[in-house]
Amino acid sequence: MGSGVHGMEGGGVEESLAELRQTFRSGKTRTASWRKSQLKALLRLIHENEDKIFEALKHDLGKHAVEAYRDELGVVEKSANNSLSCLDEWMAPKKSKLPWLFFPASAQVLPEPLGLVLILSSWNFPISMALDPVIGAISAGNSVVLKPSEQAPACSYLLAHTIPLYLDSKAIKVIEGGKEISQQLLEQKWDKIFFTGSSSVARIVMSAAAKHLTPVTLELGGKCPVIYDHLSSPSDTEVAVKRIVGGKWGPCNGQACIGVDYVLVEEKYASQMIEMLKKTIKKFYGENPKQLQNISRIVNEHHFQRLRNLIKDPLVADSIVHGGSIDEENLFIEPTILLDPPLDADIMTEEIFGPLLPIITLKNIEESIEFINSRPKPLALYAFTKNEAFKRRILSETSSGSVTFNDIMVQFLCDTLPFGGVGQSGFGSYHGKYSFDNFSHEKAVLQRYFILELEPRFPPWNDFKLNFIRLAYKFDYLGLMLLLLGLRRD
């Protein structure tokens, strides 16, 4: 049986998981050779099916091939290559120092795979958000079930029918389906669940995992703000606006957990910023963005109506200063800018996850810290500023999954940085070594020998042994020597 398993009854799920558990227990996935062979096979999958992947992403989300490579295929290739080059180092036991009290002894930390892991991926980046965690799970030596999002059906179908042709089907399986299949999977016992998606579904995942005390990683989202401080240099301002536009509408037309949700700017600079945003939108996406040449569409009718409802409120509609046109037939909403919509409106209390950009004005940009702190912790916080004191305040007085100064989303591409949320934006992190660690258990290993016994640790108790233990916990070796020589009594 291949690893693509489609719409099955509960018994079929259990049968597949039994095979995966047996493969893991055999020790096959623990070897470096198996892990490397699977990572290389995954790279071949990407290289040999690039056009098919582009077609699937175009079908599900209307992504241009360049955007698809930048945000999907390129991410997977980078991650797999990085894991291949670092795997031996990651797998090697790490020696640990021990106090002299334990002499003779040795200690190390040994990374070991968790076992059978479930990866529930999202629809907005249906290739990279599926395969990037799989790379971490494989690198750590686990057996894997991948459940792609049914809301990106072409990509789900492609993964389910392509992965069995390249990867070890006895250790890695793709199970397709909707809510019923997801529920069946969550009822099973896993050694780890990795979920990317909304906070509402994350609560269901956590509740199911709690029944088996299964550890979870939740990659969620939130309202990621941009703090736009005044930049005196026109060229710096131009670069900042370009990066804001690219970070808002570039990644899946705003349907990205780390994309820009809203911008905070001082009142006196708002109009200038809005005009520059308009010009940059026109430059990037043309006079008629509805042609969908360089911008993605909304994923489906449900999300289209959700976004439409955000701007139906008359007070919100009145705040639109650019865009706002919709094309229901093609599931397209024009890049839209709003100036100071009501702060209690849904557009400012819910994650937007679409092409709508509120601009919120402040009298002083440093008020942005209080504004952000009055809301749930975001997955990412972006700030365009050259003020070093203000940067320090942002870092010390706010909490978010990440902070990026003077750019948008680039932190996601850095394998040397952990990617993950805090609070309602999620918990647990991955990318690079952090992915390996996410799917590993660091096992402490200590080896002692049968000489130089420390008798004071055993009963019967007396004052000498109490003094010895007091000094031992302080690692006061001079005091211990004096006590043993009878030269110290307290």
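(A) Layout of the side chain of Ser-425. If you trace the backbone, Ser-425 turns up in the loop between β18 (419-420) and β19 (426-427). Within the structure, the side chain of Ser-425 is placed 3.4 Å from the backbone oxygen of Lys-377, a separation counted as a polar contact. Apart from residues no more than four positions distant in its own chain, Ser-425 is found in contact with Leu-218, Leu-220, Gly-221, Lys-377, Pro-378 and Leu-379.

(B) Local environment of the packing of helix α2 (residues 32-48) against helix α5 (residues 128-139). α5 packs onto α2 with a crossing angle of 160 degrees between their chain directions and a minimal axis gap of 9 Å. Put simply, α2 runs roughly antiparallel to α5. Counting all contacts with α2, which are made through Trp-34, Arg-35, Gln-38, Leu-39, Leu-42 and Ile-46, the residues of α5 involved are Leu-131, Ile-135, Ile-138 and Ser-139. Broken down by class, the residue content of the contact of α2 with α5 amounts to 7 nonpolar, 2 polar and 1 charged.

(C) Just the packing of aromatic side chains, in detail. Per the counting criterion, the structure on display carries 10 aromatic pairs. Seen from their ring centres, Phe-412 and Phe-419 are 4.9 Å apart, and the 90 degrees between their planes marks the pair as edge-to-face. Neither Phe-412 nor Phe-419 differs from the other in exposure class; each is buried. Their ring planes at 40 degrees and their centres at 6.4 Å tell us that Phe-464 and Phe-468 sit as a pair that is tilted. Taken together, the positions of Phe-464 and Phe-468, both in helix α17 (residues 463-473) and 4 residues apart, correspond to about one turn of that helix. Overall, the relative accessible area of 7% leaves Phe-468 in the buried class. An aromatic cluster is built from Phe-194, Phe-412, Phe-419, Tyr-430 and Phe-439, whose rings are joined through pairwise contacts.

(D) Up close: the packing of helix α3 (residues 50-61) against helix α4 (residues 65-91). Where α3 meets α4, the axes come as close as 10 Å, and the angle between the chain directions of the two elements is 105 degrees. Here α3 is positioned roughly perpendicular relative to α4, judged by the angle of their axes. Here Glu-50, Ile-53, Phe-54 and Leu-57 of α3 come into contact with α4, specifically with Ala-65, Ala-68, Tyr-69, Glu-72 and Leu-73.

(E) The sheet that holds strand β21 (residues 440-448), seen in detail. A sheet is described by the order of its strands in space; here 3 strands give the open sequence β2-β3-β21, paired in antiparallel fashion. Each end of this open sheet is capped by a strand with a single partner; those strands are β2 (94-96) and β21. Between one strand axis and the next, the sheet turns by 30 degrees as a mean value, whatever way the strands run.

The rules we used
- Residues numbered from 1 in each chain as written.
- Predicted model: local features only at pLDDT ≥ 70, side-chain atom pairs only at ≥ 80, totals over all residues.
- Heavy atoms only, no water.
- Helix = DSSP H or I, 4+ residues; strand = E, 2+ residues; numbered from the N terminus.
- Polar contact = N/O pair within 3.5 Å; in protein donor to acceptor, adjacent residues only side chain to side chain.
- Contact = heavy atoms within 4.5 Å.
- Axes fitted to C-alpha atoms, helices over the stretch in contact; angles between N-to-C directions.
- Parallel < 35°, antiparallel > 145°, perpendicular 65-115°, else oblique.
- Nonpolar A, V, L, I, M, F, W, Y, C, P; charged D, E, K, R; others polar.
- Phe/Tyr/Trp six-rings, centres within 6.5 Å; stacked < 30°, edge-to-face > 60°.
- Buried < 20%, exposed > 50% of the residue type's maximum accessible area, 1.4 Å probe, protein only.
- Pairing = 2+ DSSP bridges.

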